[in-house]
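Observations on the three-dimensional arrangement
The residues making up each chain are set out below.
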Amino acid sequence: MTAELPQYRWAEISQDIAEQIRTGRLPVGARLPGERLLCEEYGAALGTIRRAVRDLKERGLVGVVPAKGTYVLRQHEAPPVTE
């Protein structure tokens, strides 16, 4: 019997947004809702939303433009950089 480990809330939110990007519900170039709206939508704290967005950024799915918003860059994760 294998039990699944629980995920952090930020990881669940990040995965949900990534799925919306993958399926085209959030197409390339689309602006994500603001942090406060995401807090309301997911019932999560601001720090949790910021961590989820940071994860999406690290995965190459979104880009953040200060004072402008967060935008979808691509539908699929960027491959890891190897050196």
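Residues numbered from 1 in each chain as written. Predicted model: local features only at pLDDT ≥ 70, side-chain atom pairs only at ≥ 80, totals over all residues. Heavy atoms only, no water.

**What to know about the pattern of salt bridges**
Throughout the structure, instances matching the rule amount to five salt bridges. Between Arg-22 and Glu-19 there is a salt bridge, with the nearest N and O atoms lying 2.6 Å from each other. With a gap of three residues between them, Arg-22 and Glu-19 both fall in helix α1 (residues 9-22), about one helical turn apart. Judged by its relative accessible area of 45%, Arg-22 is partly exposed. When the shortest N-O distance is used, the salt bridge between Asp-55 and Arg-59 registers 3.1 Å. (Salt bridge = Lys/Arg side-chain N within 4 Å of Asp/Glu carboxyl O. Helix = DSSP H or I, 4+ residues; strand = E, 2+ residues; numbered from the N terminus. Buried < 20%, exposed > 50% of the residue type's maximum accessible area, 1.4 Å probe, protein only.)

**Brief notes about the pairing of strand β1 (residues 62-65)**
In this sheet, strand β2 (residues 69-72) lies alongside β1 in antiparallel orientation, the contact comprising four bridges. Counted as the bridge partner of Val-64 is Thr-70 from β2. (Pairing = 2+ DSSP bridges.)

**Comments concerning the side chain of Gln-20**
Its location among the elements puts Gln-20 in helix α1. Side chain to side chain, Gln-20 and Tyr-42 meet in a polar contact 3.4 Å long. In this structure, Gln-20 is in contact with Arg-25, Leu-26 and Tyr-42, ignoring residues within four places of it in sequence. (Polar contact = N/O pair within 3.5 Å; in protein donor to acceptor, adjacent residues only side chain to side chain. Contact = heavy atoms within 4.5 Å.)

**Some remarks on the packing of aromatic side chains**
One pass over the structure, following the stated rule, counts one aromatic pair. On the basis of an interplanar angle of 15° and a centroid distance of 6.4 Å, the ring pair of Tyr-8 and Trp-10 is categorised as stacked. Judged by its relative accessible area of 22%, Trp-10 is partly exposed. The cationic tip of Arg-51 hangs over the ring face of Trp-10; the distance from NZ or CZ to the ring centre is 3.9 Å. (Phe/Tyr/Trp six-rings, centres within 6.5 Å; stacked < 30°, edge-to-face > 60°. Lys NZ or Arg CZ within 6 Å of the ring centre and 35° of its normal.)

**Some details on helix α2 (residues 35-42)**
In an α-helix, one full turn covers 3.6 residues, which means residues spaced three or four apart are oriented alike. Listing the buried residues of α2 in full gives Leu-38, Cys-39 and Tyr-42. All buried residues of α2 lie within an arc of 105° about the axis, which places them on one face of the element. Exposed and facing more than 90 degrees away from the buried side of α2 are Arg-36, Leu-37 and Glu-40. In the stretch just after α2, Gly-43 is the one whose phi turns positive, near 60°. (Arc of directions from axis to C-beta.)

Taken by themselves, the reported measurements are silent on function.
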